[in-house]
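What follows is each chain in one-letter form.
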Amino acid sequence: MATHTIAVAGKGGVGKTTICGMIIDQLAKQKKGPILVVDADANSNLNEVLGVEVETTLGSIREEMAQAELHGSVPAGMTKQDYAEMKFSDALVEEKDFDMLVMGRTQGKGCYCYVNGVLKAQVDKYVNNYRYMVIDNEAGLEHISRGTLPHVETMLLVSDCSRRGIQAVARIAEMVGELELKPNTMKLIVNRAPGGVLNDAVREEIDKHGLILAGVLPQDETVYEYDCEGKPSSKIPETSPVKVALHQLMEDLDL
């Protein structure tokens, strides 16, 4: 079965990463794995939402490899390809219900063409082993637009329930079109709506920008409480209003 890639995108602060974590949690509970989780947002904390410890990122390995190539310090007896595969395999975090890669960011300057090519090859190799690949993206969709990550079947755009939030996510939707990413499905999730109900003016703003609404998630204080207590917010009770709504949304999307 071909891998189904789900990409979640939205500006910071709208609850995108928490929703991404809950999607992963639900896929795992429904035994729809194996699942590859990719944290592609340099500012994200998806591992904390999922309750996973991460020791290294692909970005830090990418930097290390670029420096090794620049200074000729690849270990003796190893080709660059062997060295790359060894290092990148160290970045795959294996959990019971999913495996996880954290992209991270690269701080250095210079040409990363070779390393980027190796990274893409590694991700391509990994993804064929999974039924689902779930990607938490930054608003700029950098890794997808550069071709580092594979084609997206389902693009979920997350906004809060404000007009400005809808306008922001509409710009991301425009970017998807400009980059010709062509996901099979692209829909909007509106998060943190009081009582799970949208204001009529917000609905008008959604229609104005031609966005397709997948569903509305209610404001849920349990998410806030878990975050304050340092608990993985993806693990809130199944009866929590936001989880009930998200599960119905996923069923409607046939995920």
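This report concerns the structure included in the present document. (Residues numbered from 1 in each chain as written. Predicted model: local features only at pLDDT ≥ 70, side-chain atom pairs only at ≥ 80, totals over all residues. Heavy atoms only, no water.)

Quick notes on the overall build of the protein
- Secondary structure summary: the protein contains ten helices and eight strands in total.
- Each principal axis of the C-alpha distribution contributes one length, and for the protein these read about 65 × 40 × 35 Å.
- Among the 255 residues that make up the protein, the fraction classed as buried is 51%.
- Counted over contacts in the protein with a minimum sequence separation of 6, partners at least 24 positions apart contribute 77%. (Helix = DSSP H or I, 4+ residues; strand = E, 2+ residues; numbered from the N terminus. Buried < 20%, exposed > 50% of the residue type's maximum accessible area, 1.4 Å probe, protein only. Contact = heavy atoms within 4.5 Å.)

Here we look at the pattern of salt bridges
- On inspection of all chains with the given rule, the structure shows nine salt bridges.
- Of the charged contacts in the structure, one is a salt bridge between Lys16 and Asp41, with a shortest N-O distance of 3.1 Å. Pair noted here: Lys16 is in helix α1 (residues 16–29) and Asp41 is in the loop between β2 (35–40) and α2 (46–50), with a separation of 25 residues, a long-range link.
- Here the salt bridges do not stand alone but share partners, grouping Asp25, Lys29, Lys235, Glu238 and Lys243 into one network. (Salt bridge = Lys/Arg side-chain N within 4 Å of Asp/Glu carboxyl O.)

What to know about the sheet that holds strand β5 (residues 132–137)
- Sheet architecture is open: eight strands sit in the order β3-β4-β2-β5-β1-β6-β7-β8, paired in mixed fashion. Each of the sheet's edge strands pairs with one partner strand only, and the pair in question is β3 (93–94) and β8 (213–218).
- Pairing of strand β1 (residues 4–9) with β5, which is carried by five bridges, proceeds in the parallel orientation. Looking across to β5, one finds that Ile6 is bridged to Val134.
- Contacts between helix α7 (residues 163–178) and the sheet are confined to β1, β6 (154–159) and β7 (185–193), with β6 contributing the most and set at about 155° to the helix. (Pairing = 2+ DSSP bridges. Axes fitted to C-alpha atoms, helices over the stretch in contact; angles between N-to-C directions.)

What about the side chain of Ser240?
- Mapped onto the secondary structure, Ser240 falls in the loop between α9 (221–228) and α10 (241–252).
- Among the residues examined, Ser240 registers a relative accessible area of 4% and is labelled buried.
- Once residues lying within four places of it in the same chain are set aside, the contact partners of Ser240 are Asp220 and Thr222.

A closer look at a negative patch on the surface
- There is a patch of like negative charges on the surface, built from Glu48, Glu53, Glu55 and Asp227.
- Assignment of secondary structure puts Glu53 in the loop between α2 and α3 (58–71).
- A relative accessible area of 70% means that Glu53 is categorised as exposed. (Patch = residues over 30% accessible without salt bridge, like charges linked within 9 Å, V, L, I, M, F, W, Y side chains within 5 Å. Areas by Shrake-Rupley, 256 points an atom, 1.4 Å probe, with all protein chains shown as cover. Lys, Arg positive; Asp, Glu negative; His and termini not counted. Charge placed at Lys NZ, Arg CZ, Asp CG, Glu CD.)

Here we look at the pairing of β7
- Where β6 lies against β7, six bridges are found, and the strand directions are parallel. In the sheet register, Ser159 faces β7, and the bridge partner there is Val190.
- The parallel pair β6 and β7 is bridged by α7, and the resulting crossover is right-handed.
- Pairing analysis gives four bridges linking β7 to β8, with the strands arranged parallel. Each bridged residue has a counterpart across the sheet, and for Val190 the counterpart in β8 is Val216.
- Following the backbone out of β7, through helix α8 (residues 200–208) and into the adjacent parallel β8, one traces a crossover that is right-handed. (Right-handed = clockwise from strand over helix to strand, strands pointing away.)

Examining the packing of aromatic side chains
- If you walk through the whole model with that rule in mind, you get zero aromatic pairs.
- We note Lys125 situated over the ring of Tyr126; from NZ or CZ to the ring centre the distance is 6.0 Å.
- The ring of Tyr226 carries Lys231 above its face, with NZ or CZ at 5.0 Å from the centroid. (Phe/Tyr/Trp six-rings, centres within 6.5 Å; stacked < 30°, edge-to-face > 60°. Lys NZ or Arg CZ within 6 Å of the ring centre and 35° of its normal.)

A closer look at the environment of Thr3
- Looking at the element boundaries, Thr3 is found in the segment before β1.
- Spatially, the C-alpha atoms of Thr3 and Pro34 are 9.7 Å apart, while their sequence positions differ by 31 residues.
- Thr3 has contacts with Val127, Asn128, Tyr130, Arg131, Tyr132, Met133 and Glu153, leaving out every residue within four places of it along the chain.
- A polar contact is formed between the side chain of Thr3 and the backbone oxygen of Tyr130, at a distance of 2.7 Å. (Polar contact = N/O pair within 3.5 Å; in protein donor to acceptor, adjacent residues only side chain to side chain.)

Focus on the packing of α3 against helix α4 (residues 80–89)
- Closest axis-to-axis distance for the α3/α4 pair is 10 Å, and the angle between their directions is 160°. In terms of their interaxial angle, α3 and α4 are classed as roughly antiparallel. Two packed elements cross with a definite hand, and for α3 against α4 that hand is right-handed. Taking contact as the criterion, the partners of Leu58, Ile61, Glu64, Met65, Ala68 and Glu69 in α3 are, on α4, Lys80, Tyr83, Ala84, Lys87 and Phe88.
- Residues belonging to the contact of α3 with α4 are distributed by class as follows: seven nonpolar, no polar and four charged. (Parallel < 35°, antiparallel > 145°, perpendicular 65-115°, else oblique. Left-handed = near helix turned anticlockwise from the far one by under 90°. Nonpolar A, V, L, I, M, F, W, Y, C, P; charged D, E, K, R; others polar.)

In short, the description is geometric, and any link to function would need to be established separately.
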